[in-house]
Amino acid sequence: MILDELTIFKQHGKQFIPDVTKPVLPGPFKGRPELTLEKVDEEALASLCPTGAISKAPVSIDLGKCIMCGECAFAFPSKIKFTKDYKIATNVRENLIIKAGDLEPVSLDESKIRKEIQTLFGRSLKLREISAAGANADEAELNACGNVNFDMGRFGIEFLASPRHCDGIVITGPISENMAEAVQICYDAIPDPKLIILVGSDAISGGIHSGSKALQRSFLEKYPIDLYVPGNPPHPLTFVNGVLELIRKREK
Ligand code: SF4
């Protein structure tokens, strides 16, 4: 038992990630895709995507729709590869569309961050997570954000039960008809000013459920979205880094 713990400790070096902005992820993680300018059969490429995330002329991948299945990179390896770059959260929906030849990292547009966010929430941000017909994958990764490894509590970022004690709502899942009212009630219960963060392709676009009659996503048309965290599910480091970019004041 103690030997197991010592082995893990030796592998990790520390029991927590000292700097969450720097780790290099091991294993087969799929992060920001890179698309070359090579000419391919765009029709064939776009048609193999199960969520319509791939557009033609020019070829692009919409991370807000992508479920990271990897089929496109498997079928067209010289055209598409997924890097291990997990910093893919942004506050601008269009920034999630990665075009061929675009090698720039995904980032937030600071000019579009509401002033009160960094003033009020820079050191303490309490969030209410609501699973609006989620499949429990996004939710599990959000849970992991608070564990000893990622420890987002050290930045003052925590999930709380009562929306009345929170500064924002984190939505996972595609928002079914049955959950639409609950999302609205939860949002209304949070005092102003408040954030909306969408986590996972299901929340951002409906994902694999997009177009289903069982969805009721009109809530998202009523309010500005402060942060999009793509992935299916997103890695905890994608969420933590995205939120830190949103709430932290930049060094001038
Ligand atoms: S990895 Fe994303 S873009 Fe590629 S086929 Fe799967 S869902 Fe579509």
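Residues numbered from 1 in each chain as written. Predicted model: local features only at pLDDT ≥ 70, side-chain atom pairs only at ≥ 80, totals over all residues. Heavy atoms only, no water.

### Notes on the overall build of the protein
Helix and strand counts for the protein come out as 9 helices and 10 strands. Compactness check: the protein gives a C-alpha radius of gyration of 19 Å against a globular reference of 18 Å for 252 residues, within 12% of the reference. Seen through its principal axes, the protein has C-alpha atoms that stretch 50 × 50 × 45 Å. Among the 252 residues that make up the protein, the fraction classed as buried is 48%. Partitioning the intrachain contacts of the protein with sequence separation of at least 6 by distance along the chain shows that 78% fall at a separation of at least 24. (Helix = DSSP H or I, 4+ residues; strand = E, 2+ residues; numbered from the N terminus. Rg over C-alpha atoms; globule rule 2.2 N^0.38 Å. Buried < 20%, exposed > 50% of the residue type's maximum accessible area, 1.4 Å probe, protein only. Contact = heavy atoms within 4.5 Å.)

### A look at unusual backbone geometry
Here the amide bond leading from Ala57 into Pro58 is cis, since omega sits at -5°, within 30 degrees of zero. In this structure, Pro58 sits in the loop between strand S2 (54–55) and strand S3 (60–62). The step from Asp192 to Pro193 runs through a cis peptide bond, and the omega angle for that step is -10°. By the secondary structure assignment, Pro193 is in the loop between helix H6 (177–189) and strand S9 (195–199). Phi at Met68 takes a positive value of approximately 60°, unusual for a residue other than glycine. Position of Met68 relative to the elements: it lies in the loop between S3 and helix H3 (71–75). Non-glycine residue Ala133 carries a positive phi angle of around 75°. Here Ala133 falls in the partly exposed class, since its relative accessible area comes to 37%.

### A few points about the state of the cysteines
A complete count under the given rule lists 0 disulfides for this structure. No disulfide involves Cys186; its sulfur sits 7.5 Å from that of Cys166, the nearest cysteine. Under the relative-accessibility criterion, Cys186 is labelled buried at 7%. (Disulfide = S-S within 2.5 Å.)

### Describing the pairing of strand S6 (residues 125–131)
Successive residues of a regular strand alternate their side chains across the two faces of the sheet. In terms of burial, S6 is a largely internal element, 5 of the 7 residues being buried. As for the winding sense of the linkage, the β-α-β connection from S6 through helix H5 (residues 137–144) to strand S7 (residues 157–159) is right-handed. Summarising the sheet, S6 and strand S8 (residues 168–172) pair through 5 bridges and their orientation is parallel. Across the sheet, the residue bridging to Leu127 is Gly168, located in S8. (Right-handed = clockwise from strand over helix to strand, strands pointing away. Pairing = 2+ DSSP bridges.)

### As for the sheet that holds S3
Read from one edge of the open sheet, 3 strands run S2-S3-S5, paired in antiparallel fashion. The open sheet terminates on both sides in strands that have one partner only, identified here as S2 and strand S5 (97–99). With 2 bridges connecting them, S2 and S3 associate as antiparallel partners. Bridging across to S3, Ile54 finds its partner in Ile61.

### Thoughts on helix H9 (residues 236–247)
Over its 12 residues, H9 extends 17 Å from the first C-alpha to the last, a length consistent with the 16 Å expected when each residue adds 1.5 Å. Most of H9 sits out of view: 11 of its 12 residues are buried. For H9, the complete set of buried residues consists of Pro236, Leu237, Thr238, Phe239, Val240, Asn241, Gly242, Val243, Leu244, Leu246 and Ile247. (Expected span 1.5 Å × (residues − 1).)

### Digging into the sheet that holds S7
With parallel pairing, 5 strands are arranged side by side in an open sheet as S7-S6-S8-S9-S10. A single partner strand is all that each edge strand has here, and the edge strands are S7 and strand S10 (227–229). Looking at each pair of strands side by side, their axes are set apart by 25° on average, direction ignored. Looking at chain direction, S9 and S10 are connected through 3 bridges and run parallel. By the bridge assignment, Val199 is partnered in S10 with Val229. Together, S6, S7, S8, S9 and S10 form the strand contacts of H9, whose direction differs from that of S10 by roughly 165°. (Axes fitted to C-alpha atoms, helices over the stretch in contact; angles between N-to-C directions.)

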